[in-house]
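Spelled out, the chains give:
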Amino acid sequence: MRDIFERIVENKGPLGKWASQAEGYFVFPKLEGPISNRMRFQGKEVITWSINDYLGLSNLPEIRKVDAEAAAEYGSAYPMGARMMSGHTDFHEQLEQELAAFVDKESAYLLNFGYQGMVSAIDALVSKDDIIVYDVDAHACIIDGVRLHMGKRFTFKHNDIESLEKNLERAKKMAEHSGGGILVISEGVFGMRGEQGRLKEIVALKKKYNFRLFVDDAHGFGTLGKTGAGAGQEQGVQDDIDVYFATFAKSMAGIGAFLAADKEIIDYLKYNLRSQMFAKSLPMIYVKGALKRLDMLRTMPELKAKLWENVNALQNGLKERGFDIGTTTSCVTPVYLSGSIPEAMALVKDLRENYGIFCSIVVYPVIPKGMILLRLIPTATHTLTDIEETLEAFSAIRERLQNGTYKRLSAAVAAAMGE
């Protein structure tokens, strides 16, 4: 019999095999200083394009004040225990009520973490007789939630309505045989490519196939729609989203998440969502902080306006310089280049060391081999100077990528890794 750790020692995984070259710099980097448009990386100031603080709330004085006061009054532990047992408060209820009203739903339920909550929500919403149909590019939390499903599940091609309908036809036949139903899962904004989910077209199929729609709107909440209520509001179909999910880790610059739906559905989840039933309640620091952040989303539209001023300046500037930013329809700004993983490492090191630009790098296996994706997240704290410096830097690194500079610099790394 084989020791299960043998496999772990022999095969570190597609990303783990790069650990000795990448850890501490390309992965698990340490950004230091106040969360802002400019932070410090390895002792140098860099323009930060990797922070999901879309509205720039994290370091506003009024936010810091509420966070500090909540910490002083309640400490980091209160309330203790799961909410069903001893961790329930009026403030948890107040936050849920205000969140539900903000996204135009009847009821809402707080989650400690978005990833954990999404996995558990999918598990709670379906039985073994139900069929799940979900976008192939769905976030890892959705994929992990679907893995728990003991029934049938199908993926449809990313944002491909024809593919969705083909899979709905299959799901409908199976559901008629099993006596179950169909749950379709998509995203308001796909966080890697920046595309909005085609929610309007998906909703148009509901009558024909009688499914329920679950939308993960982590990147749309606070950034899209007239009031910031997300992609459903932006596309005019918020009422047709049966279960709406968003996290506090993006626009709210905090910890936690929530589900919103009809009261009957939320009441069911409250008593069947295992990740909340058997986990400690969200601490008061985060609850009081989220109440303040939500109030600022409602009352300070200038934050979202500034965010989009920066988004448009960055994305238009990239397109004017001939960069491929795909089909993003959100704040998420991907820049697609061609090159190997070692070339990507050399390119990013050049950006950080010589141009003071810090952005996320995405390579195989997340995207196809031979591609490099540089992912930029504009925020309300960025300036036009930040954007202009970044555009100039990107033009320079593209030229070096195309003339083979990074290929030569990365030759040793490539040889060591057998690339």
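This is a predicted model, so every value here is computed, not measured.

The number of helices and strands found in the chain is 18 helices and 14 strands. For the chain, whose C-alpha radius of gyration is 22 Å, the value lies close to the compact-globule estimate of 22 Å for 419 residues. Reported as C-alpha extents along the three principal axes, the dimensions of the chain are approximately 60 × 55 × 50 Å. Expressed as a percentage of the 419 residues in the chain, the buried residues total 52%. Of all intrachain contacts in the chain linking residues separated by at least 6 positions in sequence, the fraction that spans at least 24 positions is 70%. Distance from the positive charge centre (50 side chains) to the negative charge centre (54 side chains) of the chain: 4 Å.

Among soluble globular proteins, nonpolar side chains are generally buried collectively. Within the largest apolar cluster, 59 residues are counted, with the highest numbers of intra-cluster contacts made by Phe221 and Phe258. Beyond its immediate sequence surroundings of up to four residues, Phe258 is in contact with Leu99, Val103, Ala108, Tyr109, Leu110, Leu111, Phe221, Tyr244, Phe245, Ala246 and Phe248. Counting residues in each nonpolar core, the second largest holds 35 residues, with Ile47, Met345, Ala393 and Ile397 among its members.

On to the sheet that holds strand 13 (residues 360-362). If you walk across this open sheet you meet the three strands as 11-14-13, and the pairing is antiparallel. At either margin of the open sheet sits one strand with a lone partner, and together these are strand 11 (333-338) and strand 13. The average angle at which neighbouring strand axes cross in this sheet is 25°, direction not considered. Along the sheet, helix 15 (residues 341-354) contacts strand 11, strand 13 and strand 14 (371-376); its crossing angle with strand 14, the most-contacted strand, is approximately 30°. The strands that helix 16 (residues 384-402) touches are strand 11 and strand 14; relative to strand 14, the one it contacts most, it runs at about 170°.

To continue, consider helix 6 (residues 140-147). Each α-helix turn comprises 3.6 residues. Residues three or four places apart therefore point the same way. Among all positions in helix 6, only Cys141, Ile142, Gly145 and Val146 are buried. Buried residues of helix 6 fall within an arc of 135° about the axis and therefore sit on the same side. Where helix 6 is buried, its residues touch helix 5 (114-125), strand 5 (131-135), strand 6 (153-156), strand 7 (182-187) and strand 8 (212-216).

Moving on: the pattern of salt bridges. Should their charged atoms come close, side chains of opposite charge can pair. If you walk through the whole model with that rule in mind, you get 24 salt bridges. The closest approach of N and O atoms between Asp242 and Arg212, which form a salt bridge, is 2.9 Å. Separated by 30 residues along the polypeptide, Asp242 in the loop between helix 10 (231-235) and strand 9 (243-247) and Arg212 in strand 8 bring together distant segments of the chain. On the accessibility criterion, Asp242 (16% relative accessible area) is buried. Across the pair Asp267 and Lys263 runs a salt bridge, and its minimum N-O distance is 2.7 Å. Of this pair, Asp267 and Lys263 are both found in helix 11 (residues 263-270), four residues apart, which corresponds to roughly one turn of the helix. Connected through shared salt-bridge partners, Arg38, Glu45, Asp386 and Glu389 make up one network.

Along the chain, Ala72 falls in helix 3 (residues 61-74). Expressed as a C-alpha distance, the spacing of Ala72 and Phe323, which sit 251 residues apart in the sequence, is 49 Å.

Next up on the list: the packing of helix 3 against helix 13 (residues 284-299). Where helix 3 meets helix 13, the closest approach of the two axes is 8 Å, and the angle between their N-to-C directions is 155°. On the basis of the axis angle, helix 3 is roughly antiparallel to helix 13. When the axes of helix 3 and helix 13 are compared, the crossing they make is right-handed. Across the interface between the two elements, Glu62, Ile63, Val66, Asp67, Ala70, Ala71 and Tyr74 from helix 3 touch Met284, Ile285, Lys288, Gly289, Lys292, Arg293 and Met296 from helix 13.

The geometry of an aromatic ring pair is captured by two quantities: the separation of the ring centres and the angle between the planes. By the definition in use, this model includes nine aromatic pairs. Ring centres of Tyr25 and Phe26 lie 4.9 Å apart, and the angle between their planes is 65°; this geometry places the pair in the edge-to-face category. Its relative accessible area of 10% is what places Tyr25 among the buried residues. Overall, Phe26 belongs to the buried group, its relative accessible area being 15%. For the pair Tyr244 and Phe258, a centre-to-centre distance of 6.1 Å together with 40° between the ring planes defines the contact as tilted. Of this pair, Tyr244 sits in strand 9 while Phe258 is found in strand 10 (residues 257-261), placing the two residues 14 residues apart along the sequence.

Another aspect to go through is the environment of Gly81. Following the sequence through the fold, Gly81 ends up in the loop between helix 3 and helix 4 (90-102). Residue classification places Gly81 among the partly exposed residues on the basis of a relative accessible area of 22%. Along the primary structure Gly81 and Lys280 are separated by 199 residues, whereas in three dimensions their C-alpha atoms are 4.7 Å apart. Sequence-distant contacts of Gly81, defined by excluding residues within four places in its chain, comprise Ser86, Gly87, Ala279, Lys280 and Ser281.

Spatially, 4-10-9-8-7-5-6 is the arrangement adopted by the seven strands of the open sheet, whose pairing is mixed. The sheet is open, and its two borders are formed by strand 4 (107-111) and strand 6, each paired with just one other strand. On average, each strand axis in the sheet is tilted by 20° relative to the strand beside it, whichever way the strands run.

Calculation criteria
Residues numbered from 1 in each chain as written. Predicted model: local features only at pLDDT ≥ 70, side-chain atom pairs only at ≥ 80, totals over all residues. Heavy atoms only, no water. Helix = DSSP H or I, 4+ residues; strand = E, 2+ residues; numbered from the N terminus. Rg over C-alpha atoms; globule rule 2.2 N^0.38 Å. Buried < 20%, exposed > 50% of the residue type's maximum accessible area, 1.4 Å probe, protein only. Contact = heavy atoms within 4.5 Å. Lys, Arg positive; Asp, Glu negative; His and termini not counted. Charge placed at Lys NZ, Arg CZ, Asp CG, Glu CD. Core = buried A, V, L, I, M, F, W, Y, C linked by side-chain atoms within 4.5 Å. Pairing = 2+ DSSP bridges. Axes fitted to C-alpha atoms, helices over the stretch in contact; angles between N-to-C directions. Arc of directions from axis to C-beta. Salt bridge = Lys/Arg side-chain N within 4 Å of Asp/Glu carboxyl O. Parallel < 35°, antiparallel > 145°, perpendicular 65-115°, else oblique. Left-handed = near helix turned anticlockwise from the far one by under 90°. Phe/Tyr/Trp six-rings, centres within 6.5 Å; stacked < 30°, edge-to-face > 60°.

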